[in-house]
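A look at the structure
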Amino acid sequence: MKKLSISIASAAVGLLVLGGCGQGGTPEEPAEGGGESQAAPEYPVNENADVADSKTWQAAKDAGELKVGVKFDQPGLGNVSTGSDQPEGFDIEIAKMVGAELGFAPDEIKFTETVSANREPFLQQGNVDMVVATYTINDERKKVVDFAGPYYVAGQDLLVAADSDIAGPEDLAGKKVCSVDGSTPAQNIEEKYKDAELVTYDTYSKCVTDLQSGSVDAVTTDDAILRGYAAQFEGEFKVVGKPFTEEPYGVGLPKDDKALRDAVNDALQKGMDDGKWTEAFEYTLGPADDVKMPEIDRY
Amino acid sequence: MDLPELLRLFFSGMWGTLELFFVALIGSFVLGTILAGMRVSPTPVLRIAASTYINVVRNTPLTLVMFFCAFGLPFLDIRFGASSSFNSFIYASIALTAYTACFVAETLKSGIATIPVGQAEAARAVGLTFGQTLGEVILPQAFRTVIPPLGSVIIAMLKNTSIASAFNNRELISAMRNAIELRGDLVIPILFGTALGYLLLALILGRVFDYLERKLVILR
Amino acid sequence: MVDVEKHYGDFHALKHVNLDVQHGEVVVVIGPSGSGKSTLCRTINRLETITSGTITIDGKELPAEGAELAALRSDVGMVFQSFNLFSHKTILENVTLGPIKVRKLSRAQAEEQAMTLLERVGVAHQADKYPAQLSGGQQQRVAIARALAMKPKVMLFDEPTSALDPEMINEVLDVMVELAKDGMTMVVVTHEMGFARKAANRVVFMSDGEIVEVDEPEEFFTNPKSDRAKDFLSKILTH
């Protein structure tokens, strides 16, 4: 059964990745945010890391490789730009930061693409050791995986044209708002803002194309993702900046590996305390001045 | 989200799939029949036009055909109503129709080839025009001989409706994505459930075509 | 028909064919296989096109493909060797299709007329069956009824009995003899010498794409003039 479900999960990736292939993305450059931190942040590797109580950590250490599931199609968070084979973004930086604290150098971290449909199966089957992929912590998911963090509290927000007068979700009545088919943000619009006209595609890049052409009035999803697009199309789009939901992003971990969860939580806490978190944010998503660091939830 | 709610989600998705399916079914039969008629017509212009259309559209991936319809038609200011969801439904229907009609036409053409030439001669000898010969004698027989392969074409179209979810249409695949987002603990069952949904629809279709085949068989 | 020529590639199927058929006349075309007699028959309603020459019916030249040709064909009944009944339609529908679609008769009128014709050829009780459920002889009689339903000016028979089992040949020939007696203009390609003697006004003998001899049946069968006709008759009459 396990083998079967692995192949199903892989097939699902294939399916969903194929679905996303149509997007005509422009190469993503790291956002040129605060100006001070142009250079990639570096995370000192903790050579003395020892989480021997964790099966997952021990196996990864023995293999000399930490497998991390990330998104490959979310600019600013986890994205592989055209012509590159390495993902970049805030999630990637968080993974490197945590990885370093757990004793893995950047070249010992192997990034694997995960999509919404296979994050849980990949963790359950050990295809990845952890998932840092705009992964919202919720109770349903906690039934099958564990979460460290949150390392960021995203909120659903709106990306609009720079000169738009949409100032929040209450201005959406009669407007066309675009999101990804079947996603939580799309469901929120459908349920809570019925006056808005929802348009859905399989990728955000199609939404952004429509926003550019004026076919839709707004794109909605987590603000972190929107920041990525706003940075990519500087001057053309803006993020409204009034999040109307809370999406705590967590690091997904295999269920019942408390030692690993504690270690990752410690690593996140340390990063937030010593400024590495801020460096990572500014390197990928822009100015962090008005961004609050989240409270780690050690449930 | 509990099980009854999930089921409701899936039924509404399945309904979306069926709406698209039926519109495209009718459209592709109509267009496919016209194309098949053009393919065997005595007028070279019609023959060339039909075979060019078929060769171009049939050999283009459906995703691209959808892309052209969903983004190209609005660019040309071809719209079918104020609401974008209705527009998207029509665009997807057009794309599926345009694409599937090629396969319907080719299948029908192969059916036409199996009809003894004497049937057309007899029809012409009675004084039927080309159009009447085709409509009264050739196509009705061709349809009956190609019911099984036509069934495969139609089942393929049913599954092809899933591509429309990428272009602002809510259907079974949307319901699946939605459900996965909500119930991360049930990913594998949800995938199975979605497959089961398509399987169910395809099996019903298969039975319908089996029935038609038995019912409409021509004795020779 | 004046100076009709027909080529299939290098093959010269009809050579300088001249034939005039009068109203009410029954012309039987005989000849060895490959002599062009079927081709001759099929050129009359343009199921075969001709390379040169002219064919006129009732003073009008055969039109090219199109509505006009369809109209002309509706006046020329044709009966094929292999019946060619529409296999997806019932016997009744086979006979009513032309009248409804071409003559624009109402369904009721067409059906009434069809039943009369089916009665006449003796298959009225089979009206609701499909062609494949009938014997060859019955099918051919239906085919004759189908052609008659168009009230044609002339009937063409292209070897109407060649595909039939021997015991069914007479039931078809009887219908044809009746037709001839009623004054129908007929061109019949056949191997049935009995029919030719009984019903024909003239016999046309063809060989190698040419009309070799035209004569009254009695004269032709008892006293053929050409060697080719003598040879042909000696071959078929020795048994």
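Residues numbered from 1 in each chain as written. Chains lettered and ligands numbered in written order. Predicted model: local features only at pLDDT ≥ 70, side-chain atom pairs only at ≥ 80, totals over all residues. Heavy atoms only, no water.

**A word on the overall build of chain C**
For the record, the criterion: For helices the rule is a DSSP run of H or I covering at least 4 residues; for strands it is a run of E covering at least 2, with both sets numbered from the N terminus onward. Radius of gyration: over C-alpha atoms. The globule rule applied is 2.2 Å multiplied by the number of residues raised to the 0.38 power. Classification of residues uses two cut-offs on accessible area relative to the type maximum, computed with a 1.4 Å probe and protein chains only: under 20% is buried, over 50% is exposed, and between them is partly exposed. We call two residues in contact whenever any of their non-hydrogen atoms come within 4.5 Å of each other.
Scanning chain C from terminus to terminus reveals nine helices and 11 strands. Whereas a compact globule of 239 residues would reach a radius of gyration of roughly 18 Å, chain C reaches 18 Å, a difference of no more than 12%. Viewed in the frame of its principal axes, chain C has a C-alpha envelope of about 55 × 40 × 30 Å. Counting across all 239 residues of chain C, residues that qualify as buried make up 55%. Taking contacts inside chain C between residues at least 6 apart in sequence as the whole, the part at least 24 apart equals 64%.

**Topic: the interface of chain B and chain A**
Applied cut-off: The term salt bridge refers to a side-chain nitrogen of Lys or Arg lying within 4 Å of a carboxyl oxygen of Asp or Glu. N or O atoms within 3.5 Å of each other form a polar contact, as long as, within protein, one can give a hydrogen and the other can take it, and as long as residues adjacent in sequence are counted only when both atoms are side-chain atoms. Three classes are used, and their members are as follows: Ala, Val, Leu, Ile, Met, Phe, Trp, Tyr, Cys and Pro are nonpolar, Asp, Glu, Lys and Arg are charged, and the others, Gly among them, are polar.
Between chain B and chain A, the contact holds 27 residues from the first and 28 residues from the second. At the surface where chain B touches chain A, the tally comes to four salt bridges. The tally of links from chain B across to chain A stands at 13 residue pairs in polar contact (both at pLDDT 80 or more). Looking at the side of chain B that touches chain A, the elements that each hand over two or more residues are helix 3 (62-75), helix 4 (84-114), helix 8 (172-182) and helix 9 (187-216) of chain B. It is helix 8 of chain B that contributes the most residues to the side of chain B that touches chain A, seven residues altogether. Broken down by class, the residue content of the side of chain B that touches chain A amounts to 13 nonpolar, nine polar and five charged.

**Focus on empty space enclosed by the protein**
Definition in use: Cavity: a set of points on a 1 Å grid over the protein atoms alone where a 1.4 Å probe fits but cannot get out. Pocket: an open set with protein on both sides within 12 Å along at least five of seven lines, its lining residues, like those of a cavity, having an atom within 4 Å of a point. Grid points are joined across faces, edges and corners, and a volume is the space filled by probe spheres set on the points.
Enumeration according to the criterion identifies two cavities of 30 Å³ or more in this entry. Within the residue set of the lining of the largest cavity, elements represented by two or more residues are helix 5 (117-126) of chain B together with helix 2 (67-74), strand 7 (76-79) and helix 5 (136-148) of chain C. Within the lining of the largest cavity, the residues separate by chemical class into nine nonpolar, two polar and two charged. As for the second largest cavity, its lining consists of T56, W57, A60, L66, L102, F104, D129, M130 and L260 of chain A. Class assignment for the residues of the lining of the second largest cavity results in seven nonpolar, one polar and one charged.

**A few points about the packing of aromatic side chains**
All names here are of chain A. The condition that has to hold: Two aromatic rings from Phe, Tyr or Trp, using only the six-membered ring of Trp, form a pair when their centres are within 6.5 Å; if the ring planes differ by under 30 degrees the pair is stacked, by over 60 it is edge-to-face, and anything between is tilted.
Going through the model one piece at a time under the given rule, you end up with 22 aromatic pairs over all chains. Seen in terms of ring centroids, W277 and F281 are 5.6 Å apart; in terms of plane orientation they differ by 20 degrees. Their pairing is stacked. Of this pair, W277 and F281 are both found in helix 10 (residues 276-284), four residues apart, which corresponds to roughly one turn of the helix. Assessed through its relative accessible area of 1%, W277 is described here as buried.

**Some details on the pairing of strand 7 (residues 156-161) of chain A**
Residues and elements named next belong to chain A. Worth spelling out the cut-off: Pairing between two strands is assigned when DSSP locates at least 2 bridges connecting them.
Counting buried positions over the six residues of strand 7 gives five, a clear majority of the element. Pairing between strand 7 and strand 10 (residues 218-222): five bridges, direction antiparallel. Within strand 10, the residue paired with L158 across the bridge is T220.

**Regarding the sheet that holds strand 9 (residues 197-201) of chain A**
Consider a sheet: its strands pair through backbone hydrogen bonds, and that pairing is either parallel or antiparallel. Residues and elements named next belong to chain A. Filter applied, for reference: Axes here refer to lines fitted to C-alpha atoms; in helices the fit is confined to the stretch in contact. Angles between the N-to-C directions go from 0 to 180 degrees.
Strand order in this open sheet of five strands is 9-8-10-7-11, and the pairing throughout is mixed. With partners counted over all chains shown, the strands left at the sheet margins are strand 9 and strand 11 (237-239), one partner each. Direction aside, the axes of adjacent strands within the sheet are offset by 30 degrees on average. Judged from the three bridges that link them, strand 7 and strand 11 form a sheet pairing that is antiparallel. Its bridge partner being in strand 11, L159 is matched across the sheet by V239. In the packing of helix 7 (residues 204-213) onto the sheet, the strands contacted are strand 7, strand 8 (176-180), strand 9, strand 10 and strand 11, and the crossing angle to strand 10 comes to about 150 degrees.

**Some remarks on the interface of chain B and chain C**
Counted only if it meets this: What gets called buried area is simply the loss in accessible area from a 1.4 Å probe that two parts show on being joined, summed for both.
Counting from both sides, the interface comprises 20 residues of chain B and, opposite them, 25 residues of chain C. Together chain B and chain C conceal approximately 1900 Å² of surface at their shared face, both sides included; 60% is due to carbon and sulfur atoms. The largest share of the area that chain B buries against chain C comes from R124, V126 and E136 of chain B, three residues that together contribute 29% of it. Residues K101 of chain C and E136 of chain B are paired through a salt bridge, measuring 3.2 Å at the closest nitrogen-oxygen approach. A per-element tally of the side of chain B that touches chain C places helix 5 of chain B first, with eight residues. Per-class residue counts for the side of chain B that touches chain C are nine nonpolar, six polar and five charged.

**Some thoughts on a negative patch on the surface**
How we decide: Only residues above 30% relative accessible area that lack a salt bridge enter a patch, with like-charged residues linked at up to 9 Å and the nonpolar side chains Val, Leu, Ile, Met, Phe, Trp and Tyr linked at up to 5 Å. All accessible areas in this document rest on Shrake-Rupley with a 1.4 Å probe, and a residue is counted as covered only by the protein chains that are shown. Charge assignment in this entry is limited to Lys and Arg as positive and Asp and Glu as negative, and neither His nor the chain termini are counted. Where a charge lies is defined by one atom per residue type, namely NZ (Lys), CZ (Arg), CG (Asp) and CD (Glu).
There is a patch of like negative charges on the surface, built from D163, D165, E170 and D171 of chain A. Along the polypeptide, E170 of chain A turns up in the loop between strand 7 and strand 8.

**A look at the packing of helix 1 (residues 3-39) of chain B against helix 9 of chain B**
All names here are of chain B. Put simply, the rule is: Each angle is binned into one of four classes, with values under 35 degrees roughly parallel, values over 145 roughly antiparallel, values of 65 to 115 roughly perpendicular, and all other values oblique. Whether a crossing is left-handed or right-handed is set by the direction in which the near helix is turned from the far one by less than a right angle, anticlockwise for left-handed and clockwise for right-handed.
Between helix 1 and helix 9, whose axes approach to 12 Å, the crossing angle comes to 40 degrees. In terms of their interaxial angle, helix 1 and helix 9 are classed as oblique. In this structure, the crossing between helix 1 and helix 9 has a hand that is right-handed. Contacts between helix 1 and helix 9 involve F10, M14, T17, L18 and F21 on the former and, on the latter, I190, G193, T194, G197, Y198, L201 and L205. Its residues placed into classes, the contact of helix 1 with helix 9 shows eight nonpolar, four polar and no charged.

**Quick look at the side chain of T97 of chain B**
If you trace the backbone, T97 of chain B turns up in helix 4. When residues no more than four places from it in sequence are discounted, the contact partners of T97 of chain B are V23, A24, G27, S28 and L31 of chain B.

**Regarding the state of the cysteines**
Applied cut-off: By convention in this document, the label disulfide applies to cysteine sulfur atom pairs within 2.5 Å.
Scanning the entire structure with this criterion turns up one disulfide over all chains. This cysteine, C69 of chain B, is not joined by any disulfide, and C102 of chain B carries the nearest cysteine sulfur, 12 Å off.

**Considerations on the sheet that holds strand 7 of chain C**
All names here are of chain C. On the basis of which strands lie adjacent, the open sheet formed by six strands has the order 7-8-9-3-10-11 and mixed pairing. Only two strands of the sheet have a single neighbouring strand rather than two, namely strand 7 and strand 11 (210-215). The average undirected angle you get between the axes of adjacent strands in this sheet is 20 degrees. Bridge analysis of strand 8 (residues 154-158) against strand 9 (residues 185-189) gives five bridges, and the strand direction is parallel. Looking at strand 9, one finds that V154 is bridged to T185.

**Overview of the confidence of the model for chain C**
All names here are of chain C. Here is the rule we go by: pLDDT: the predictor's confidence for each residue, scored from 0 to 100.
When pLDDT is averaged along chain C, the result is 88, and 95% of the positions lie at 70 or above. For chain C, the element scoring lowest by mean pLDDT is strand 1 (residues 2-8), at 67; helix 3 (residues 91-101) scores highest, at 94. Scoring the predicted complex yields pTM 0.78 and, for the interface, ipTM 0.87.

**Remarks on the pattern of salt bridges**
Residue and element names in this part refer to chain C. Per the stated rule, a full pass over the model turns up 36 salt bridges over all chains. Residues R103 and D75 are paired through a salt bridge, measuring 3.0 Å at the closest nitrogen-oxygen approach. Here D75 lies in the loop between helix 2 and strand 7 and R103 lies in the loop between helix 3 and helix 4 (107-121), a separation of 28 residues in the sequence. By relative accessible area, D75 is classed as partly exposed at 23%. One salt bridge connects R141 with E171, and the closest N-O pair in it is separated by 2.7 Å. In this pair, R141 sits in helix 5 while E171 sits in helix 6 (residues 166-181), placing the two residues 30 residues apart along the sequence.

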